Amino acid sequence: NAGVTQTPKFQVLKTGQSMTLQCAQDMNHEYMSWYRQDPGMGLRLIHYSVGAGITDQGEVPNGYNVSRSTTEDFPLRLLSAAPSQTSVYFCASSDPWLAGVADTQYFGPGTRLTVL
Amino acid sequence: GQQVMQIPQYQHVQEGEDFTTYCNSSTTLSNIQWYKQRPGGHPVFLIQLVKSGEVKKQKRLTFQFGEAKKNSSLHITATQTTDVGTYFCAGMRINFGNEKLTFGTGTRLTIIP
């Protein structure tokens, strides 16, 4: 199994450009999430999905869109990139959280995004 | 804002010394997870605690969940250079129907050989 894969590994954008960060998992996990990691801020949840066709906002959703048309894929779209979106982006997947107890999250290798 | 805080933010220890990081939540947690992220890498799951007062051990690592389920700690005995990295806790807040896993701010551990 490849686990969770993310592309690209690195990306430089100009302010106002749009792009899509790709995330795929081959573990048949229903839950998938996108996080951003900034120095001193830990990991902050952007959007998440509990299954194909279902998405919801996390802590910092503004400026990002997601969709989940298949179990395997969960792309993150930056609509109009801003310097404040310079960060490391991680995608994660897990089995469903039962009775309010989270399951192990498997993280992808991350995408380092710089917005000039 | 961030509802799961970790202290300290940074810790430098001599190899062989012990290390502890603390995780505190403003609300009761249903469970807490710990992750380790090596420099340049991605977070990797270490352990999950669910029960009040639970203590779990993994070799030199000891994890505790507080009696009130609002705090947790990770203690490493006799640190080694392989322990270098950032340690994150992640807590699931009790919020029926809208549970989210909230990560702490992390503690970056560096080892002085």
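Along each chain, the written sequence defines residue order, and numbers are assigned to residues from 1. Think of it this way: whatever chain is written first is A, whatever ligand is written first is 1, and the rest follow in order. The predicted origin of the model limits local features to residues at a pLDDT of at least 70 and limits the giving and counting of side-chain atom pairs to 80 or more, whereas totals for whole chains, interfaces and linings rest on all residues. Side-chain measures here rest on the full set of heavy atoms in the structure, leaving out hydrogens and waters.

## Brief notes about the overall build of chain B
Argument step 1. Secondary structure elements are taken from DSSP: a helix is a run of H or I of four residues or more, a strand is a run of E of two residues or more, and numbering for both begins at the N terminus. Looking only at helices and strands, chain B has zero helices and 11 strands in total.
Argument step 2. Of the regular secondary structure in chain B, the N- to C-terminal order runs β-β-β-β-β-β-β-β-β-β-β.
Argument step 3. Using C-alpha atoms as the atom set, the radius of gyration is obtained and then compared with a globule rule of 2.2 Å times the number of residues to the power 0.38. Its C-alpha atoms give chain B a radius of gyration of 14 Å, within 12% of the compact-globule value 13 Å for 113 residues.
Argument step 4. Dimensions of chain B along its principal axes, counting C-alpha atoms only, are 45 × 25 × 20 Å.
Argument step 5. For the exposure calls, accessible area comes from a 1.4 Å probe over protein chains only, and a residue counts as buried if that area is under 20% of its type's maximum, exposed if over 50%, partly exposed in between. Taken over 113 residues, chain B has a buried fraction of 49%.
Argument step 6. Any two residues whose heavy atoms approach within 4.5 Å at even a single point are treated as in contact. Restricting the contact set of chain B to residue pairs at least 6 apart, pairs at least 24 apart contribute 54%.
Argument step 7. All accessible-area figures derive from a Shrake-Rupley calculation using a 1.4 Å probe, and residue coverage is judged against the displayed protein chains alone. Surface accessibility of chain B: about 5,400 Å² in total, with carbon and sulfur atoms responsible for 52%.
Argument step 8. In chain B, 12 positive and 7 negative side-chain charges are present, and the distance between their average locations comes to 7 Å. The charge count includes Lys and Arg as positive and Asp and Glu as negative, but it does not include His or the ends of the chains. One atom stands in for each charge, and that atom is NZ of Lys, CZ of Arg, CG of Asp or CD of Glu.

## Observations concerning the sheet that holds strand E7 (residues 61–65) of chain B
Residues and elements named next belong to chain B.
Argument step 1. What the five strands build is an open sheet, ordered E1-E3-E8-E7-E6; its pairing is antiparallel. If you trace the sheet from one side to the other, it starts and ends with strand E1 (4–7) and strand E6 (55–58), each paired once. Averaged over all pairs of adjacent strands, the angle between strand axes in this sheet comes to 15°, irrespective of strand direction.
Argument step 2. Note on pairing: DSSP must find at least two bridges between two strands before they are called paired. Direction of pairing for strand E3 (residues 19–25) relative to strand E8 (residues 71–76): antiparallel, over a ladder of six bridges. Across the sheet, Tyr22 pairs through a bridge with Ser73, a residue of E8. What counts as an axis is a line fitted to C-alpha atoms, over the stretch in contact for a helix, and the angles between N-to-C directions run from 0 to 180 degrees.

## Notes on the state of the cysteines
Argument step 1. When two cysteine sulfur atoms are found within 2.5 Å, that pair is recorded as a disulfide. Counted according to the given criterion, the structure contains two disulfides over all chains.
Argument step 2. Here Cys23(A) pairs with Cys91(A) through a disulfide, and the sulfurs are 1.8 Å apart. Taking the sign of the torsion about the S-S bond as the criterion, the disulfide between Cys23(A) and Cys91(A), at about -70°, is left-handed. Here Cys91(A) lies in strand E9 (residues 87–94) and Cys23(A) lies in strand E3 (residues 19–25), a separation of 68 residues in the sequence.
Argument step 3. Put simply, Cys23(B) and Cys89(B) are joined by a disulfide, and their sulfur atoms are 2.0 Å apart. Every disulfide takes its handedness from the sign of the S-S torsion; for Cys23(B) and Cys89(B) that torsion is 70°, giving right-handed. Taken together, the residues Cys23(B) in strand E3 and Cys89(B) in strand E9 (residues 85–93) connect sequence positions 66 residues apart.
Argument step 4. Taking the relative accessible area as the measure of exposure, Cys23(B) reaches 1% and is therefore buried.

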